[in-house]
Amino acid sequence: MEKTIHQGRNVKRFREMLGIKQEGLALELGEDWNQRKISLLEQKEVIEDELLAEVAKVLKVPVEAIKNFDEEAAISIVSNSFHDESVAYVENYKCNFNPIDKIVELYEALVKSEKEKVELLQNLLNKK
């Protein structure tokens, strides 16, 4: 049994991932578009190639992404990639500096800047 990709649902997924409302997408597509028309578009299983290309351009995603995105396959890849939270944490977060050292460096730079300002103001006062 071959699974079909629901292109309208994929348009909705990409639109939502990008934080775009239906009204916003309609506005970008032109005057003859409105929220209701976007809603109907997102219900279509197959979208005409020309219209799909227009929508993909507005969403700034490749047409193939909308045509081929399979949420179940994506979930399967993610769930099979990480076995527990510690693996994700170790693999994706490798801090190679001490944050406290960075705070100290910033503080020292601010103190130095303030000392320079005070010296400059002292020099100006002494000239008067």
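**Q** Before we go on, may I ask you to explain the packing of aromatic side chains in this structure?
**A** Each aromatic ring pair is summarised here by two numbers: the centre-to-centre distance and the angle between the ring planes. If you walk through the whole model with that rule in mind, you get one aromatic pair. Seen from their ring centres, phenylalanine 14 and phenylalanine 69 are 5.6 Å apart, and the 65° between their planes marks the pair as edge-to-face. Highlighted residues: phenylalanine 14 in helix 1 (residues 7-17) and phenylalanine 69 in the loop between helix 5 (63-68) and helix 6 (71-81), separated in sequence by 55 residues. By relative accessible area, phenylalanine 14 is classed as buried at 12%. For phenylalanine 69, a relative accessible area of 25% translates into the label partly exposed. The side chain of lysine 37 reaches across the aromatic face of tryptophan 33, ending 4.5 Å from its centre.

**Q** In this structure, what is going on with the nonpolar core? I would like to understand it.
**A** The nonpolar side chains of a soluble globular protein tend to be buried with one another. Counting 17 residues, the largest nonpolar core has Val11, Leu25, Leu29, Trp33, Val55, Leu59 and Ile66 as its most contacted members. Taken together, the elements giving at least two residues each to this core come down to helix 1, helix 2 (22-29), helix 3 (35-41) and helix 4 (49-59). Ignoring sequence-local partners within four residues, the contact set of leucine 59 consists of Val11, Phe14, Arg15, Leu18, Ile20, Leu25 and Ile66.

**Q** Looking at this model, I keep getting lost on the environment of arginine 9. Mind explaining?
**A** Here arginine 9 is to be found in helix 1. Given a relative accessible area of 41%, arginine 9 falls into the partly exposed group. Sequence separation of arginine 9 and lysine 44 is 35 residues, and the distance between their C-alpha atoms is 7.7 Å.

**Q** Help me out: how do you make sense of the packing of helix 2 against helix 4 in this one?
**A** Axis angle and axis distance: for two packed helices, these are the angle between their axes and the distance between the axes, and together they describe the pair. For the pair helix 2 and helix 4, the least separation of the axes is 10 Å and the interaxial angle reads 110°. On the basis of their axis angle, the class for helix 2 and helix 4 is roughly perpendicular. Crossing angle aside, the handedness with which helix 2 passes helix 4 is right-handed. Counted together, Leu25, Glu28 and Leu29 of helix 2 and Glu54, Val55, Val58 and Leu59 of helix 4 form the full contact between these two elements. Tallied by class, residues from the contact of helix 2 with helix 4 come to five nonpolar, no polar and two charged.

**Q** I tried to follow the packing of helix 1 against helix 4 on my own but got confused; where do I start?
**A** For the pair helix 1 and helix 4, the least separation of the axes is 11 Å and the interaxial angle reads 15°. Relative to helix 4, the element helix 1 is oriented roughly parallel. For the pair helix 1 and helix 4, the crossing hand works out as left-handed. Packed against helix 1, whose contacting residues are Gln7, Val11, Phe14 and Arg15, the element helix 4 presents Leu52, Val55 and Leu59 at the interface. A breakdown of the residues in the contact of helix 1 with helix 4 according to their chemical character gives five nonpolar, one polar and one charged.

How each quantity is defined
Residues numbered from 1 in each chain as written. Predicted model: local features only at pLDDT ≥ 70, side-chain atom pairs only at ≥ 80, totals over all residues. Heavy atoms only, no water. Phe/Tyr/Trp six-rings, centres within 6.5 Å; stacked < 30°, edge-to-face > 60°. Helix = DSSP H or I, 4+ residues; strand = E, 2+ residues; numbered from the N terminus. Buried < 20%, exposed > 50% of the residue type's maximum accessible area, 1.4 Å probe, protein only. Lys NZ or Arg CZ within 6 Å of the ring centre and 35° of its normal. Core = buried A, V, L, I, M, F, W, Y, C linked by side-chain atoms within 4.5 Å. Contact = heavy atoms within 4.5 Å. Axes fitted to C-alpha atoms, helices over the stretch in contact; angles between N-to-C directions. Parallel < 35°, antiparallel > 145°, perpendicular 65-115°, else oblique. Left-handed = near helix turned anticlockwise from the far one by under 90°. Nonpolar A, V, L, I, M, F, W, Y, C, P; charged D, E, K, R; others polar.

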